Amino acid sequence: MKTSEKDLRINKGVIRGKEIEIIVDGESVKAFEGESVAAALFANGQRISRSTTKENSLRGMYCGIGMCFECVMTIDNIPNTRTCQTFVREGMFIETQQAEGKWKTV
Ligand code: FES
């Protein structure tokens, strides 16, 4: 399971949910039930969530409260999902989003 060299979570005096595994850009990442996707990624050192449509510039979590939409990623094939408003789930499949993302058509 991939973790950054240093887990950036506060570990003293915190009670966490069950440790789970999420898949981020094809790699296994440690998370805990009750964390937002953004928090889990931040704790594992990932700061980039997407690139912009026009200039392909990189974006990451900004407000952390669901207002700015800078943190959107493709989660379980659904683009433009706010990672700061989405709780992790075992086996969740998360991708760094390019521009507007792509919807899977059936
Ligand atoms: S960080 Fe602003 S909506 Fe998620």
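Above this text sits the structure in question.
Source: prediction; values computed, not measured.

Visitor: Would you take a moment to explain the overall build of the chain for this structure?
Guide: Regarding its fold elements, the chain presents one helix and eight strands. Listed N to C, the secondary structure of the chain is β-β-α-β-β-β-β-β-β in terms of helices and strands. Here the C-alpha atoms of the chain give a radius of gyration of 14 Å, agreeing with the 13 Å that 2.2 N^0.38 yields for 106 residues. For the chain, the spread of C-alpha atoms along the three principal axes comes to 45 × 30 × 25 Å. For the chain, contacts bridging at least 24 residues in sequence account for 44% of all contacts bridging at least 6. Accessible surface computed for the chain: about 6,900 Å², of which carbon and sulfur atoms make up 53%. Considering the chain, the positive charge centre built from 15 side chains and the negative charge centre built from 14 side chains are found 4 Å apart.

Visitor: Help me out: how do you make sense of the sheet that holds strand S4 (residues 58-59) in this one?
Guide: Hydrogen bonds along the backbone pair up the strands of a sheet, which may run parallel or antiparallel. The sheet built from three strands is open, its strands ordered S4-S3-S8 with mixed pairing. The outermost strands of the open sheet, each flanked by one partner alone, are S4 and strand S8 (97-98). Where strand S3 (residues 50-51) lies against S4, two bridges are found, and the strand directions are antiparallel. In the sheet register, Ser 51 faces S4, and the bridge partner there is Leu 58.

Visitor: Help me out: how do you make sense of the packing of aromatic side chains in this one?
Guide: In this description, an aromatic ring pair is defined by two values, namely the gap between the centres and the angle between the planes. Taken as a whole and judged by the stated rule, the model has zero aromatic pairs. Between Arg 16 and the ring centre of Phe 32, over which it is positioned, the NZ or CZ distance is 5.4 Å. Against the face of Phe 42 rests Arg 47, its NZ or CZ located 3.7 Å from the ring centre.

Visitor: Can you help me understand the environment of Val 88 in this one?
Guide: Secondary-structure assignment places Val 88 in the loop between strand S6 (78-82) and strand S7 (93-95). For the pair formed by Val 88 and Trp 103, sequence separation is 15 residues and the distance between their alpha carbons is 21 Å. If sequence neighbours within four positions are ignored, Val 88 has contacts with Ile 20, Ile 22, Ala 31, Phe 32, Glu 33, Glu 35, Ser 36, Val 37 and Ala 40.

Visitor: It is not clear to me how unusual backbone geometry should be interpreted in this structure. Could you clarify?
Guide: Glycine aside, residues mostly have negative phi, and peptide bonds are mostly found in the trans state. Phi is positive for Asp 25, close to 50 degrees, though the residue is something other than glycine. Inspection of the secondary structure assignment puts Asp 25 in the loop between strand S1 (19-24) and strand S2 (27-32). In this structure, Asp 76 is a non-glycine residue whose phi angle is positive, near 50 degrees. When you line up the elements, Asp 76 lands in the loop between strand S5 (72-75) and S6.

About the thresholds
Along each chain, numbering runs from 1 in the same order as the chain's sequence is written. Only residues with pLDDT of at least 70 are given local features in this predicted model, and only at 80 or more are side-chain atom pairs given and counted; all residues enter the totals for whole chains, interfaces and linings. The side-chain quantities take in all heavy atoms of the structure and omit both hydrogens and water. Runs of H or I in DSSP of at least four residues are treated as helices and runs of E of at least two as strands, each being numbered from the N terminus. Here the globule rule is a power law, 2.2 Å times the number of residues to the power 0.38, and the radius of gyration is based on C-alpha atoms. It only takes one pair of heavy atoms within 4.5 Å for two residues to be counted as in contact. To be clear on the numbers: accessible area is Shrake-Rupley with a 1.4 Å probe, and residue cover counts the displayed protein chains and nothing else. Counted as positive: Lys and Arg. Counted as negative: Asp and Glu. His and the chain ends are not counted at all. The atom standing in for a charge is NZ when the residue is Lys, CZ when it is Arg, CG when it is Asp and CD when it is Glu. Being paired, for any two strands, means DSSP has found at least two bridges between them. Ring geometry is summarised as follows: Phe, Tyr and Trp rings, the Trp one being its six-membered ring, pair when their centres sit within 6.5 Å, and such pairs are stacked at plane angles under 30 degrees, edge-to-face over 60 and tilted between the two. Two thresholds decide whether a charge sits over a ring: the Lys NZ or Arg CZ must be within 6 Å of the ring centre and within 35 degrees of the ring normal.

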